[in-house]
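An overview of the molecular structure
For reference, the chains in residue letters:
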Amino acid sequence: MPEAPTVLLLAEQTKQFIGQKVLSAEGKASKFDKSRLVGQPVTAVKTFGKELLICFPDFTLRVHLMLFGSYTINNHKNGILHLGLEFQKGELNFYACDTRLIEEPLEEAYDFRREVMNERFDKKLALSDLKKKPKLAIVDALIDQNLFAGIGNKIRNEVLFLVGVHPLSKVNAIDDDKLMEIIEACVTFMFRMFEWKKAGVQDENLVIYKREECPRDKMPVIAEKLGSRVIYYCDKCQELYE
DNA sequence: CTGTCTGTTCCGAT
DNA sequence: TATCGGAACAGACA
């Protein structure tokens, strides 16, 4: 289950293992030697966009839930175990995901100024990055993980509806103030989504994604395939900048 | 850059 | 009732 708000919640739950050592590491994960984890204590838990980062003294375990990933904490479920970590107190299991080890220091591997939900997220940097892709449709720009780590298909559709911008508007046609408004709306919306996640709800609160009619003017929502994903919008309420 | 592939679960149609 | 196909919060690669 991806998108940054979900992963942030996962990180929050994973922090209970900080300070504990891994007693055993099981599962079909094969991109690294699982035995390296055994005996190592968790030193910190972080996120970068849709990636969960479990830090150990000499390396970091990176977990990406992709589209179908799931996890259980202190219990388990049926299905193929991708990576299961047993700690002194409790266990953490991942299914259908991608795991790797990052050997270099995190500060070298990641620029946390581009992590939308990070306290170091730099909106001005995001704006200048965005303007380097003038011909890109705003809906494509928002999901580019190199620009905005953590935004997914639901978030981009919801945010563009909330700010009244047509998804196919080109970046260079949108003025700086409006671009900044979009960036700020992303941050706000993602934290709102995080709260919904914590409360166990989410999709009920989405107003345009997969909806039949626009909540504002009751016009039919347009669902359009763009590349491999479907985008949702109201072409009356969302202004096309071109 | 377009298309293809993988992975899991759910839901609706047959 | 059981089964099948498509879709879905993603990203990698040819």
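Note on numbering: residues in each chain are counted from 1, in written sequence order. Each chain gets a letter, beginning with A, and each ligand a number, beginning with 1, in the order they are written. Predicted model: local features are reported for residues with pLDDT of at least 70 only, side-chain atom pairs are reported and counted for 80 or more only, and whole-chain, interface and lining totals are derived from all residues. Computation of side-chain values: all heavy atoms of the structure, hydrogens and water removed.

An unreviewed UniProt entry lists chain A under the name DNA-formamidopyrimidine glycosylase family protein, from Paradesertivirga mongoliensis. UniProt positions are given in the numbering used here, feature names are shortened, and annotations may be inferred rather than shown by experiment. A UniProt comment under Sequence similarities (unreviewed entry) is attached to chain A, and it reads "Belongs to the FPG family." Reading the Catalytic activity (unreviewed entry) entry of the UniProt record for chain A gives the comment "Hydrolysis of DNA containing ring-opened 7-methylguanine residues, releasing 2,6-diamino-4-hydroxy-5-(N-methyl)formamidopyrimidine."

Counting from the N terminus, the helices are DSSP H or I runs at least four residues long and the strands are E runs at least two residues long. Following the sequence through the fold, Val-139 ends up in helix H4 (residues 138-142). Relative accessibility thresholds used throughout: buried, under 20% of the residue-type maximum; exposed, over 50%; partly exposed, between the two (1.4 Å probe, protein chains only). Taking relative accessible area as the criterion, Val-139 reaches 0% and is therefore assigned buried. Sequence-wise, Val-139 and Cys-234 are 95 residues apart; in three dimensions their C-alpha atoms are separated by 14 Å. In this structure Val-139 touches Arg-156, Leu-160, Pro-167, Leu-168, Leu-226 and Ile-231, once residues within four positions along its chain are discounted. Note on contacts: a residue pair qualifies if any of its non-hydrogen atoms lie within 4.5 Å across the two residues.

As a further point, take the protein's contact with DNA strand C. For each residue, the test is whether any non-hydrogen atom lies within 4 Å of the molecule or strand; if one does, the residue is near. Around DNA strand C, the structure places 16 residues, and the nearest of them are Pro-2, Lys-50, Phe-68, Tyr-209 and Arg-229. Of everything in DNA strand C that lies within 4 Å of the protein, sugar and phosphate atoms constitute 64%. Glu-3 places a side-chain nitrogen or oxygen 3.2 Å from a sugar or linking oxygen of DNA strand C. Each polar contact in these results corresponds to two N or O atoms within 3.5 Å; when the atoms are within protein, one needs to be able to donate a hydrogen and the other to accept it, and residues that are neighboring in sequence are counted only if both atoms are side-chain atoms. Lys-50 is positioned with one of its side-chain polar atoms (N or O) 2.7 Å from a phosphate oxygen of DNA strand C. If you list the elements that add at least two residues to the surface near DNA strand C, you get helix H5 (153-162) and strand S10 (229-233). If you tally residues by element for the surface near DNA strand C, the top one is S10, at three residues. Ten residues, namely Ala, Val, Leu, Ile, Met, Phe, Trp, Tyr, Cys and Pro, are considered nonpolar, four, namely Asp, Glu, Lys and Arg, are considered charged, and the remaining ones, Gly among them, are considered polar. Classifying every residue of the surface near DNA strand C gives seven nonpolar, four polar and five charged.

Quick look at the packing of aromatic side chains now. Aromatic rings from Phe, Tyr and Trp, with only the six-membered ring used for Trp, were paired whenever their centres fell within 6.5 Å, and each pair was classed as stacked if the ring planes differed by under 30 degrees, edge-to-face if by over 60, and tilted otherwise. The final tally for this structure, using the stated rule, is seven aromatic pairs. On the basis of an interplanar angle of 20° and a centroid distance of 4.4 Å, the ring pair of Phe-17 and Phe-87 is categorised as stacked. Here Phe-17, found in the loop between helix H1 (4-14) and strand S1 (22-26), pairs with Phe-87, found in strand S6 (residues 81-87); they are 70 residues apart in sequence, far enough to count as distant. Exposure remark for Phe-17: the relative accessible area of 0% places this residue in the buried category. Among the residues examined, Phe-87 registers a relative accessible area of 2% and is labelled buried. An angle of 40° between the planes, with centres 4.6 Å apart, marks the rings of Phe-48 and Tyr-110 as tilted. Within this pair, whereas Phe-48 is found in strand S2 (residues 44-48), its partner Tyr-110 is found in the loop between helix H2 (106-109) and helix H3 (123-131), the two being separated by 62 residues in sequence. Pair check on accessibility: Phe-48 and Tyr-110 agree, each one buried. Members of the aromatic cluster, each reached through a chain of ring pairs, are Phe-48, Tyr-110 and Phe-112. Over the ring of Phe-161 we find Arg-216, and its NZ or CZ is 4.4 Å from the ring centre. The criterion for a charge sitting over a ring is simple: Lys NZ or Arg CZ within 6 Å of the ring centre, and within 35 degrees of the ring normal.

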